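Structural features, examined
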Amino acid sequence: MEKKYRNALIAGNWKMNKLASEVPGFWAELEPKAALAAGVQSALCVPFPLIPAMKAALAGSQVKVGAQDVSAHDKGAYTGEVSAAMLADLGVDYCIIGHSERRAYHAESDELVNAKLKALLGAGITPIMCCGESLEQRDAGVTLTFVESQIKGGLKDITPEQMKKVVIAYEPIWAIGTGRTATAEQAQEVCGHIRKVLAGLYGEELAKGVQVLYGGSMNGKNAAELLAQPDIDGGLIGGASLKMEFADIIGAANEG
Ligand code: 13P
């Protein structure tokens, strides 16, 4: 199985939830459960103001801290923005970019996602680049071509050396926060296609090593089946990452 080339990555996306003051209590409860799966790479991607509290809570654990967005600019007069250097300075290891919520509510284009990806790589932070189709696109039968265009746009001018540090997350928009998970076959079809696109861009060998995650209503019950698919290397988890259920998903990855 190709999976022997890749480790599992289970990343939580807290979106705009919880307060910094809630972080220590959350981690105190999760830690004994998550410790069961010390062999799995995991991360919690939290809102900017929660990063220091999460770093402090996770100190000494294997769980990494991630952010949910970054500025494409290095520094300067960009009120409200947070640079990749600022995130690196706080010890952030991962950063989500191109989430469908940012594409929808902040009109983020593939070009902007590409610029953010370069900013993160420049700061030594691992980008988790999201892609995924709407229900209309799925119904119209354009899922694979649309996701392919997002991948190619987001990875424009990224060298093979840089690509080795990028994580891709496939998140069908219709499955996010809806309780309607993609079937394992649907998720595998798109994740497999993503890997084929990567092989076309960077060669089979490199593509084999890229972590491709699935996201969209993943939970403690459906994680094992999704993670068993040959091209699904982990999960990007929203709602369930706010609960102790997150440890069940890490556990499912550990057993897979
Ligand atoms: P849910 O797991 O809540 O569906 O969210 C998925 C997601 O958007 C993660 O980035």
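Check the entry above for the structure.
Residues numbered from 1 in each chain as written. Predicted model: local features only at pLDDT ≥ 70, side-chain atom pairs only at ≥ 80, totals over all residues. Heavy atoms only, no water.

Looking at helix α1 (residues 23-34)
For α1, the full list of buried residues reads Val23, Phe26, Trp27, Leu30 and Ala34. Looking straight down α1, one finds its buried side chains confined to an arc of 90 degrees; they lie on one side. Opposite the packed face of α1, turned more than 90 degrees from it, sit the exposed residues Ala28 and Pro32. Each element contacted by the buried residues of α1 is listed here: β2 (41-45), α2 (51-58) and α12 (245-255). (Buried < 20%, exposed > 50% of the residue type's maximum accessible area, 1.4 Å probe, protein only. Helix = DSSP H or I, 4+ residues; strand = E, 2+ residues; numbered from the N terminus. Arc of directions from axis to C-beta. Contact = heavy atoms within 4.5 Å.)

Regarding the layout of surface pockets
Here the largest pocket defines a volume of roughly 580 Å³. Looking at the largest pocket, it is lined by 25 residues, and the ones nearest its centre are Phe48, Gln68, Asp69, Arg102 and His106. At the level of secondary structure, the elements contributing two or more residues to the lining of the largest pocket comprise α4 (100-105) and α5 (110-122). Here the lining of the largest pocket is built from residues that sort into 11 nonpolar, seven polar and seven charged. (1 Å grid on protein atoms, 1.4 Å probe; cavity = no way out; pocket = protein on both sides within 12 Å on 5 of 7 lines; lining within 4 Å. Points joined across faces, edges and corners; volume = space filled by probe spheres on them. Nonpolar A, V, L, I, M, F, W, Y, C, P; charged D, E, K, R; others polar.)

Things to note about the site of the ligand
The ligand sits among 13 residues. The nearest are Lys15, His99, Glu171, Gly177 and Ser217. Within the backbone of Gly177, one N or O atom sits 2.6 Å away from an oxygen atom of the ligand. Summarising the interface, the protein chains cover 95% of the accessible area of the ligand, which totals 300 Å² for the free molecule. A breakdown of the residues in the shell around the ligand according to their chemical character gives four nonpolar, seven polar and two charged. (Near = heavy atom within 4 Å. Polar contact = N/O pair within 3.5 Å; in protein donor to acceptor, adjacent residues only side chain to side chain. Areas by Shrake-Rupley, 256 points an atom, 1.4 Å probe, with all protein chains shown as cover.)

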